[in-house]
Amino acid sequence: MRRVVFNQKGGVGKSSIACNLAAISAAKGQPTLVIDLDPQGNSTHYLSGQPAQALEGSMFDFFEQSLTLGGGRKSIAELVHPTPFENLYVLAAHPELESLEAKLESRYKIYKLKEALDGLSEIYPEIWIDTPPALNFFSRSALIAAEKCLIPFDCDAFSRQALYSLQDAIDELKADHNEGLEIEGIVVNQFNAQARLPRQLIEELKSEGHPVLPVHLATSVKMRESHQVSKPLHHYAPKHKLTQQFRDLYELLHA
């Protein structure tokens, strides 16, 4: 299964959701791969403990190779890095990814990631793709390569407006490039159960027919702490409430 976690709005928890669900998958014995397409490299740092540019071999190399001919090319499988966590692997981002975007667009390399992942799926039964906060070449490549899409939502009015345009963009991409892509659900993140506005927004989205998933991820300092020590919650705080919410979300997606 190939899932992409995407929202054009920044700061909604894409990296946290992708990495923590992937860590649970790996802990269950599934060889699991996280692909980091965001030049900021947050998923890469979170899982490897190193800045993206410190790793030799990245998604920059994969896409750069797609623009050139000749020998010395590495397969995408050779660019995968193990993490300190059993069964969990990462394809690293790189700050220079953005410098390739115009060339990749002009030479229509939009299907290269999908072609590569068709082969990797035999090695990694679960693949999670983290995307930049923009509907750009890399996000569209991920949406074309994926089978399912999770949309993080952080319960404010700006996020709600962004959600409408996001769903329109995904519907258009489905029609043009990936008819099998399914919006698996909206993941409510940074949820404060004591506040009225988040509950109201969620109910309004549900009444409009949006696929809001029933597991809501709470706001917690533990998430920031886990980022600081580069340990997903399953390993950093296995008994914490938020960790259990991630497990519940994982089970819901795999029911």
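The structure displayed is predicted, hence computed values, not measured ones.

(A) Region of interest: the side chain of glutamine 245. One can find glutamine 245 in helix H11 (residues 241-253). The class for glutamine 245 is buried, based on a relative accessible area of 12%. If near-sequence neighbours (up to four positions away) are discounted, glutamine 245 is found in contact with Val215, His216, Leu217 and Ala218.

(B) Representation of the pattern of salt bridges. Going through the model one piece at a time under the given rule, you end up with 11 salt bridges. Ionic pairing is found between arginine 140 and glutamate 105, a salt bridge with its closest N-O pair at 2.6 Å. Of this pair, arginine 140 sits in helix H6 (residues 137-145) while glutamate 105 sits in helix H4 (residues 97-106), and the two are 35 residues apart along the sequence. Glutamate 105 sits in the partly exposed class, given a relative accessible area of 34%. The salt bridge partner of lysine 222 is glutamate 225, with a shortest N-O separation of 3.4 Å. Of this pair, lysine 222 and glutamate 225 both sit in helix H9 (residues 221-229), separated by 3 residues, roughly a single helical turn.

(C) Broad picture of the pairing of strand S6 (residues 148-153). Summarising burial for S6: 6 of the 6 residues are buried, a large majority. Side chains Lys148, Leu150 and Pro152 project from S6 onto one buried face, and the interleaved Cys149, Ile151 and Phe153 project onto a second face that is buried too. Where strand S1 (residues 2-5) and S6 come together, 3 bridges link them in parallel fashion. Pairing of arginine 3 across the sheet is with lysine 148, part of S6. Both S6 and strand S7 (residues 182-188) contribute to a ladder of 6 bridges, which runs parallel. The residue of S7 that forms the bridge with phenylalanine 153 is valine 188.

(D) Geometry of a negative patch on the surface. Taken together, the side chains of Asp168, Asp171, Glu172 and Asp176 make up a negatively charged region of the molecular surface. Along the chain, aspartate 171 turns up in helix H7 (residues 157-177). For aspartate 171, a relative accessible area of 42% puts it in the partly exposed group.

(E) Inspection of the pairing of strand S2 (residues 32-36) at higher detail. Judged by how many residues are buried, S2 sits mostly within the fold: 5 of 5 residues are covered. In S2, alternate side chains face the same way, and those of Thr32, Val34 and Asp36 on one face and Leu33 and Ile35 on the other are all buried. Strand direction decides the pairing type here: S2 and strand S4 (residues 88-91), joined by 4 bridges, are parallel. Each residue of the ladder has a partner; that of isoleucine 35, found in S4, is leucine 91. When S2 meets strand S5 (residues 126-130), the two strands line up parallel, connected through 5 bridges. The residue of S5 that forms the bridge with valine 34 is tryptophan 128.

About the criteria used
Residues numbered from 1 in each chain as written. Predicted model: local features only at pLDDT ≥ 70, side-chain atom pairs only at ≥ 80, totals over all residues. Heavy atoms only, no water. Helix = DSSP H or I, 4+ residues; strand = E, 2+ residues; numbered from the N terminus. Buried < 20%, exposed > 50% of the residue type's maximum accessible area, 1.4 Å probe, protein only. Contact = heavy atoms within 4.5 Å. Salt bridge = Lys/Arg side-chain N within 4 Å of Asp/Glu carboxyl O. Pairing = 2+ DSSP bridges. Patch = residues over 30% accessible without salt bridge, like charges linked within 9 Å, V, L, I, M, F, W, Y side chains within 5 Å. Areas by Shrake-Rupley, 256 points an atom, 1.4 Å probe, with all protein chains shown as cover. Lys, Arg positive; Asp, Glu negative; His and termini not counted. Charge placed at Lys NZ, Arg CZ, Asp CG, Glu CD.

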